[in-house]
Amino acid sequence: MPPKITLKYLATELGLSVTTVSRALGGFEDVSVATRERVQAFANDVGYQPNQSARRLKTGRTSSVGYIMNGAQGDFRDQFNTRLLVALGQALHDAAPEHDLIVTTVPEDRDELETYKRFIDGGKVDSFVVARTCIQDPRVDFLLDSGVPFVTHGRTGRADEHDWVDINAADGFLRATRHLIQHGHRNILFLNFFSDLYTAVERETGYLQAMREASLAPSSRHCPHGYASAYQVAREVLASADAPTAFVCASDIFAYGVMEAVSESGRAPGRDIAIIGADNLPPLMYQQPSLSTLDISFETVSQALIELVLAPREGVPRHRCFDYELLLRDTTG
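Reading guide: rules and limits
Residues numbered from 1 in each chain as written. Predicted model: local features only at pLDDT ≥ 70, side-chain atom pairs only at ≥ 80, totals over all residues. Heavy atoms only, no water. 1 Å grid on protein atoms, 1.4 Å probe; cavity = no way out; pocket = protein on both sides within 12 Å on 5 of 7 lines; lining within 4 Å. Points joined across faces, edges and corners; volume = space filled by probe spheres on them. Nonpolar A, V, L, I, M, F, W, Y, C, P; charged D, E, K, R; others polar. Pairing = 2+ DSSP bridges. Helix = DSSP H or I, 4+ residues; strand = E, 2+ residues; numbered from the N terminus. Axes fitted to C-alpha atoms, helices over the stretch in contact; angles between N-to-C directions. Contact = heavy atoms within 4.5 Å. Buried < 20%, exposed > 50% of the residue type's maximum accessible area, 1.4 Å probe, protein only. Core = buried A, V, L, I, M, F, W, Y, C linked by side-chain atoms within 4.5 Å. Salt bridge = Lys/Arg side-chain N within 4 Å of Asp/Glu carboxyl O. Expected span 1.5 Å × (residues − 1). Arc of directions from axis to C-beta.

In total, this model carries one cavity of 30 Å³ or more according to the counting rule given. Reported here for the largest cavity is a volume of approximately 60 Å³. In terms of lining residues, the largest cavity is bounded by 10 residues, among which Tyr67, Ile68, Met69, Asn70 and Gln73 are the most central. Taken together, the residues of the lining of the largest cavity break down into four nonpolar, four polar and two charged.

Following this line, the structure appears as C-alpha cells:
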C-alpha cells in the first residue's frame, strides 16, 4: 500500500478516470451503480480517506455539528452538560466517524445569537443541537429563520415546526410525587428550574397533577443557582414550623443541596425526610445515602439527537419522546 491513497491512485488501480472515481465516490447517478459499488469497495479495502478540505470547498459542508452553551445555563462543570456532551460525542462518532462535535461557551452577559450567527456565516458547522430549551426560545426562532438544520433537546412553543427529542417529564414527576403520597407524605415541596424552561413547566405539571389527585396543597420554589439555591431553600423551610416531609427536585443537583441541608438540620435523608431528584447524575462528593431519582439514558437520547441532526429534511418535523424510570434508593426510605 502506498503511503498516501489518493484519487489518482484509485483511478490507476481501477483503470478509470479520476473524474469517474470522484463522481462514483460522491454517489453521482451519472456513474453506473456497478461502477459506484466497485469503486467504493476498493476504496474501503485500501483505506482511502477523502480530503476533507477539498470536499468542504466542493460541497459547502463542514461535517461538523455545533453545540453552544450559555453561561447562564451552566458550563463544563455542570454535570448535566458533561454527561450530555460525552454521550453526544460518542453517538456522533458511532454514527458518522468523519463528523466532529464543535462545542463552545458563551458568557452569561454576551449575546448567544451572535455566536450562532458567527458559526453560520463562517461556515463552521452544518447543523446544531440546541439544549435546555425555553418556551419562547430566540435560538429556535433564529435557526428557523436562517434555514440551518437543527434539533432541540427539549420542546419549545414552536415544537410543531422543528425536530426535537425530549423526555416525558410530566409523567415522570407525576409518578415520583404519587410515590411519595402513597407512602404517607402530605407536605411535599417541589424545587424547580425557572419557568421559562419548557421542561420546568412539564415537571411542575406532573407534580401539580399528583397533588390535585390527592387533594393536597402544592408548594413550589425556584432554584436559579442550582445546588446553592436548593440548599438555602431547604435550610429555610426545614427551620419553619410547617417543614415539608418530602422534596421533589427538578434536578439531582438540587436534591444534593437538599440532602446537605437535611443532614445539617439533624435529620436523616430517607428516614426523616424523603427526597427524589432527576436525571441520575453522580453525587458531587462521596456520600450516603444513595439518592432516589428519575433516570433517563443520556446515550439513548443522544443517539436520537444525532440521528435527526445528521439527516435533516423538509416537511413534517420529527419527534422522539422517552420516559423516565423511577429509581427508588435510600432517600425514599
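Next up on the list: the sheet that holds strand 8 (residues 246-249). Read across the open sheet, the six strands follow the order 7-6-8-9-10-12; overall the sheet is mixed. Unpaired on one side and paired on the other, strand 7 (219-222) and strand 12 (325-327) mark the two borders of the sheet. Sheet twist, expressed as the average angle between the axes of neighbouring strands with direction ignored, equals 20°. Across three bridges, the pairing between strand 8 and strand 9 (residues 274-278) is parallel. The residue of strand 9 that forms the bridge with alanine 246 is alanine 274. The sheet contacts of helix 9 (residues 198-213) involve strand 6 (188-192), strand 7 and strand 9, and relative to strand 6 the element is tilted by about 170°.

Okay, the environment of valine 309 next. By the secondary structure assignment, valine 309 is in helix 12 (residues 298-310). With relative accessibility at 4%, the residue valine 309 sits in the buried group. With 216 residues separating them in the primary sequence, valine 309 and histidine 93 have C-alpha atoms 13 Å apart. Apart from residues lying up to four places away in sequence, valine 309 is in contact with Val65, Ser127, Phe128, Phe150 and Val151.

If you look at the biggest cluster of nonpolar residues, it comprises 44 residues, and the most contacted ones within it are Tyr67, Leu84, Phe173, Ile188, Leu305 and Tyr324. If we ignore the near neighbours within four places in the chain, the residues touching tyrosine 324 are Ile167, Asn168, Ala169, Gly172, Phe173, Arg175, Arg203, Ala278, Asp279, Leu294, Asp295 and Ile296. Core analysis: the second largest hydrophobic core is formed by 26 residues, Ala200, Leu238, Tyr256 and Met259 among them.

Estimates place the volume of the largest pocket at around 1,200 Å³. Along its surface, the largest pocket is lined by 45 residues, and Ala72, Gln73, Arg132, Phe193 and Leu197 are the ones closest to its centre. The set of elements that each furnish at least two residues to the lining of the largest pocket consists of helix 5 (79-95), helix 6 (112-121), helix 7 (138-146), strand 5 (163-167), helix 9, helix 11 (252-264) and helix 12. Looking at the lining of the largest pocket residue by residue, the class counts come to 21 nonpolar, 12 polar and 12 charged.

Right, let's get into the environment of leucine 84. Among the secondary structure elements, leucine 84 is positioned in helix 5. Between the alpha carbons of leucine 84 and arginine 267 there is a distance of 34 Å; along the sequence they are 183 residues apart. Those residues in contact with leucine 84 that lie beyond four places of it in its chain are Tyr67, Ala131, His153, Phe298, Ser302 and Leu305.

Once that is clear, we can look at the pattern of salt bridges. One pass over the full model with this rule turns up 14 salt bridges. The closest approach of N and O atoms between glutamate 161 and arginine 158, which form a salt bridge, is 2.8 Å. A salt bridge links arginine 221 to glutamate 236; its shortest N-O distance comes to 3.2 Å. Of this pair, arginine 221 sits in strand 7 while glutamate 236 sits in helix 10 (residues 227-238), and the two are 15 residues apart along the sequence. On the basis of relative accessibility, which here comes to 32%, the residue arginine 221 falls in the partly exposed class. Judged by relative accessible area, glutamate 236 falls into the partly exposed class, the value being 42%.

With parallel pairing, six strands are arranged side by side in an open sheet as 2-1-3-4-5-11. Strand pairing shows two members of the sheet lacking a second neighbour, strand 2 (100-106) and strand 11 (319-322), which therefore form its edges. Within the sheet, the average angular offset between the axes of one strand and its neighbour, ignoring direction, is 15°. With four bridges connecting them, strand 5 and strand 11 associate as parallel partners.

What follows is about helix 3 (residues 33-46). The terminal C-alpha atoms of helix 3 lie 20 Å apart, and with 14 residues this matches the ideal 20 Å at 1.5 Å per residue to within 8%. Those residues of helix 3 that sit buried are Val39, Ala43 and Val46. On an axial view of helix 3, the arc spanned by its buried residues comes to 75°, and they lie on one face. Opposite the buried face of helix 3, by more than 90 degrees, sit the exposed residues Ala34, Glu37, Asn44 and Asp45. Contacts from the buried residues of helix 3 go to helix 1 (7-14) and helix 2 (18-25). Just downstream of helix 3, glycine 47 is the residue with a positive phi angle, here 75°.

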